[in-house]
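Here is what each chain is made of, one letter per residue.
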Amino acid sequence: MGQPDVSEDCIQMYFKAKGPVTQFLGRAHLCRAQLCAPKSTENLEEFENCVTQYMKAINFAKGEPRYHFLVYNASVLYWQMVRPFLKPGYHHHLISSLSQIVNVLNQTEEEDKEWQAELMLELLECYLQAGKKEEAAKFCATAAPFIKANVPRKYRHIFSVMVRHELLDELQLKEEKRTSISLSVTYHMNVLNAILLLFELARLSLTLKCEQISSDCISDLKKIDSQDPGKLIEIKCLEYELEALGLESKVKVYVRAAVEAQLNIVRRLDITLQRAVRLGDPGVIHVVCTTQWNTCLPLLQHNLRHHLRKPLANVADVLEKVDSLMVLLRCQVHMEMVHIEEDEDRLEPAMWHLQKAMRLDGLGLYQDQLRTAFNRLYLCTRLYQCPERAEDKAVVAIEQAKKAVPKDSVRKKRALLVNAGLALAPDTFQIVLDSENEAKVSTGKTRGRFSFLFAKARHHIISVDKAAGHLWRLGGENARDRIQIWAELAKVARKQGVWDVCRTACRFCLLYDDVRAKRAARLKRGTRKKRGGDSAAQDGWGHSEVMSQRQASPSLLRKFAEVGFINAEATVHLLRSEGVQLNDHPTPPEDPSQHSAGYTLECPEDNTQWVVYRTWIESLSRGAMDSWLRCAEIGREIQEGWIVQNAVVYVLNHNRHLIVAGRQRELVDALDHLLSIVKATGHNGDFTLLGMLCNTLARGLIINWIPTQVPEKSRRPMRPNLFHAPLDSGASAEVRTAVEVCEFALNLSTGTEPEEEVPLSTQQQLLATWVKARQLLQQQIGPRLGADEQSPNEDVNSVTRVLVALEMYSCNGLGLMDFSVPPLAQVVEMASECNWSDPLVELQTLTRLTHFAHMAHDHEVAMACSQKAIQMGIRLLRMFSRAETQLVAEMLSTTACIQGRSTLENLRGRKQLRLAAARSFMASARFGGIAGSSALVMLAVRQYWNAWLPLLSSAANRRKAKTVVQRLIGIINKTEAKKQVCHGPNLACLLYL
């Protein structure tokens, strides 16, 4: 009747009366046990008290056969009470009481043998989950025979458990297999195993992304004439998973059509879930919910997750109704629902989901995250009440800043963010923030050329140094909360473009990581601080906080990595505001002063003030690079490859100007460190990024030892140069390292699937670097033209052979050792037989073959290659995007120009060939215009004019040339106009890989 207070009073009165010892005494204990049942799995004291009441009832009833029904009742009620404890990490609490109940049921010879068998199987599971394998094996010695004799249909279950966990020895296993199988049972079990095997194989192949195998399994499952609606729903889920797997590559880059198709799968799964609910089978419900969750995972981005509100809410509700023991999944679903509800400013539903998640997080995996989110949401409901704690004041200010609309001024947003920083660090935040305030810079009485730059650098250095004292004074008070708040302040400031606040917040947040990293380094070196009363304060951390930081949680380290990325990006923003690119050198300002004739301008490097400013700029660049390297080290420490990948992408992107300028040497130390970390954590399937990293590092190692190249147009075929100075020992070691780095990346191209190997365009760059390094080491490349000539595998990729041969041709005639190259006709034949996975590389190969054939005066090969390249390039122009079209047009312009030159060199007085050459130059100019390259256009125009020049003495020929010349002038004007538009106001932008 729902009145537990009345029941409690009645039970108290019964026990005070001390009535006769009858069945009602046992019933009273059962009632008391139900009244004191634990409200959650966290209250173990209530659990023990409840179990005690059940055991009192059982111990009372087991002595009298007429009361044995109470033992059965107690076991049923006990099982209903302990069901929430059947989740990971809690099974061991049930072993003692459940084993006693199973023993008593055996003693009372309970008639419901199936119930006894069910409890025995659950007790066995508790033993195994608690890691008590020996006790489980002893228990099986009595449980297995009982189940085999009384409930044979459950024997297969316990037998499979014993085999899986090796609870039977070999002799027992053979005996069981020999005595328990008949022909009839074998038939039925084989049919059942076939269905189960197909389901398991389909799921495994989906996990391993083997689409064909999973598709075949689903087809076979459909052919089996099953009338089980649950199996049909599971097959439908497998079909949806296979469909989602086919969209995975496009969903990763958020192609609109793929995202819409994925959302359509989510909607269909939602309908399937309702069918499963009507069926009422918990197993099928769990399968559908798991499939729905996996399908939703790629769409949990802040701008997409609002589409998942209804599907995820249905998953959470259904799992709660069936009282699912998949508590981790339920917790994660509620956590995502918190974000979705909060995005729409529905704070009360968000709080409700958050409380659900906190109750379900029994293992404490998300304890800190949930606690922080709960406190933040609680404060959000009281935005206009002034909290007492400094941390809470900062949270309120940040939340108010988040509420700012785009039309609000930056000054308003900045004021709120500054208030958050002042709440956390009232003593130093404003000082550090003012380090970038030029109004605070004092130059004194001197007004030199570098005075202001010097004063600005000195002011920044002195102000920033004050931040370290904040942590020393604060100690370890609320360190974890403060780290989270500083990180949130940095993210919000970055999003709103308040860069000075962003940099300052990052600096304070990363102070905690600096202390942790320095302490870890000292511990690694084996040094120990002296014991003393003030030792903890000297480091800025309390003793307990130091212990927690030595074992910093992955979530905390992940937060440091996130802030590290933001800090480096914000530092690059500061460098650009100073007019300097990352790792570049500042340019001295012009001297505006008037000087007399003969005055010699002072060299900036001799000026102390300029040296201080330049050193400050260089320290900012080092700080940004160190932040990325530290993030990569964190990724290695917690074994999360995506963090390392992001660090590599940031380093390569922000140093692209150095790579383009051929200054890779300046990045060698950083890239080498990153490569060692990538090797330790794995490339995470991103072969393109790994190939770019290895190529840039290898180029940096060899670039200083490459002599100045002869311009290509002045090269002449010559005999191999056999006499040239070898590299010294230091240079040889670096070049050998470059060869090893290239071979490391190239040897990864062993996958059978295209996505399991380094892309061809990246391979080409690696092979070019590898061939150049072999030339510097004076090492010939064998006739197999492969990077691994010692390998017994003779099936060297034919594409690789062609690319290596081309690189060998391009390296010859430079004053270094010349390679023994295969005949050009053989290379052309090899190229024609290749299956090219990248059409751009194929087109480039044809263009280079055309060039080398022309240099070798092989007119027939040059014409054949150029014709094939032009035909292919025109076809590609219609297919590719704008950026790729520009590359194709450049190669077509070059190829057509070479074709015309080769034709001119083989005229032999034939006017038709001269006109054909002119047409080639005209096509070259047209392609150059498409590419937007004035240099290519002007080269083609010059060649065209020279080709027509002997014919211009005739008036008829001049009339013929007039129209073409007008078209050429139009191409020149159009290309120049396009060039002016492209080189207008230069907006600094970041190229993302």
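As the structure is a computational prediction, the values presented were derived from the model and not from experiment.

## Quick word on the packing of helix α3 (residues 44–62) against helix α5 (residues 95–107)
Then, in step 1: Orientation of α3 relative to α5, taken along the N-to-C sense of each, is 15°, at an axis distance of 11 Å. In terms of their interaxial angle, α3 and α5 are classed as roughly parallel. Taken as a pair, α3 and α5 cross one another with a handedness that is left-handed. On α5, the residues touching Val-51, Met-55, Ile-58 and Lys-62 of α3 are Ser-97, Gln-100, Ile-101, Val-104 and Gln-107.
Then, in step 2: Counted by class, the contact of α3 with α5 contains 5 nonpolar, 3 polar and 1 charged residues.

## Remarks on helix α32 (residues 668–681)
Then, in step 1: With 14 residues, α32 should reach 20 Å at 1.5 Å per residue; the first-to-last C-alpha distance of 20 Å fits that figure.
Then, in step 2: Listed as buried for α32 are Val-668, Ala-670, Leu-671, Leu-674, Leu-675, Ile-677, Val-678 and Thr-681.
Then, in step 3: Where the residues of α32 are buried, they touch α29 (608–637), α30 (641–654), α33 (687–702) and α34 (729–746).
Then, in step 4: Remark: Gly-682 follows α32 within two positions and exhibits a positive phi of approximately 95°.

## Some details on the packing of helix α40 (residues 882–905) against helix α42 (residues 934–948)
Then, in step 1: Viewed as axis vectors pointing N to C, α40 and α42 meet at an angle of 20°, and their least axial separation amounts to 10 Å. Considered as vectors, α40 and α42 are oriented roughly parallel to each other. The interaxial crossing formed by α40 with α42 has left-handed handedness. When α40 is examined against α42, the residues Glu-890, Ser-893, Thr-894, Cys-897, Arg-901 and Leu-904 are found in contact with a partner set consisting of Leu-936, Leu-939, Gln-943 and Ala-947.

## Examining the nonpolar core
Then, in step 1: One finds Trp-486, Val-501, Phe-560, Trp-628, Leu-674 and Trp-836 to be the most contacted residues of the largest nonpolar core, which totals 141 residues.
Then, in step 2: In this structure, Trp-836 is in contact with Leu-760, Val-799, Val-802, Leu-803, Ala-831, Val-841, Glu-842 and Thr-845, ignoring residues within four places of it in sequence.
Then, in step 3: Leu-30, Met-55, Leu-77 and Leu-105 belong to the second largest nonpolar core, which has 56 residues in total.

## Quick look at the confidence of the model for the protein chain
A low pLDDT means the predicted coordinates there should not be read in detail.
Then, in step 1: Mean pLDDT over the protein chain stands at 84; residues scoring 70 or higher make up 87%.
Then, in step 2: Within the model, pLDDT remains below 50 along residues 527–550, and this stretch shows 39 contacts once partners closer than five positions in the same chain are excluded.
Then, in step 3: Between residues 710–723, whose pLDDT stays under 50, and residues either more than four places distant or in other chains, the model counts 19 contacts.

## Side note on the packing of aromatic side chains
Then, in step 1: Scanning the model with the defined rule gives 16 aromatic pairs in all.
Then, in step 2: Geometrically, the ring pair formed by Tyr-72 and Trp-115 is edge-to-face, given 6.5 Å between the ring centres and 65° between the ring planes. Residue Tyr-72 is located in helix α4 (residues 68–82), and its partner Trp-115 is located in helix α6 (residues 113–129); the two are separated by 43 residues in the primary sequence.
Then, in step 3: We classify Trp-115 as buried; its relative accessible area is 16%.
Then, in step 4: Arranged with centres 5.3 Å apart and planes meeting at 45°, the rings of Phe-450 and Trp-610 form a pair that is tilted. Taken together, the residues span a long stretch of sequence, with Phe-450 in the loop between α21 (429–433) and α22 (451–465) and Trp-610 in helix α29 at a distance of 160 residues.
Then, in step 5: Look at Phe-450 and you get buried, because its relative accessible area is 2%.
Then, in step 6: Exposure remark for Trp-610: the relative accessible area of 1% places this residue in the buried category.

What counts as what
- Residues numbered from 1 in each chain as written.
- Predicted model: local features only at pLDDT ≥ 70, side-chain atom pairs only at ≥ 80, totals over all residues.
- Heavy atoms only, no water.
- Axes fitted to C-alpha atoms, helices over the stretch in contact; angles between N-to-C directions.
- Helix = DSSP H or I, 4+ residues; strand = E, 2+ residues; numbered from the N terminus.
- Parallel < 35°, antiparallel > 145°, perpendicular 65-115°, else oblique.
- Left-handed = near helix turned anticlockwise from the far one by under 90°.
- Contact = heavy atoms within 4.5 Å.
- Nonpolar A, V, L, I, M, F, W, Y, C, P; charged D, E, K, R; others polar.
- Expected span 1.5 Å × (residues − 1).
- Buried < 20%, exposed > 50% of the residue type's maximum accessible area, 1.4 Å probe, protein only.
- Core = buried A, V, L, I, M, F, W, Y, C linked by side-chain atoms within 4.5 Å.
- pLDDT = per-residue confidence, 0-100.
- Phe/Tyr/Trp six-rings, centres within 6.5 Å; stacked < 30°, edge-to-face > 60°.

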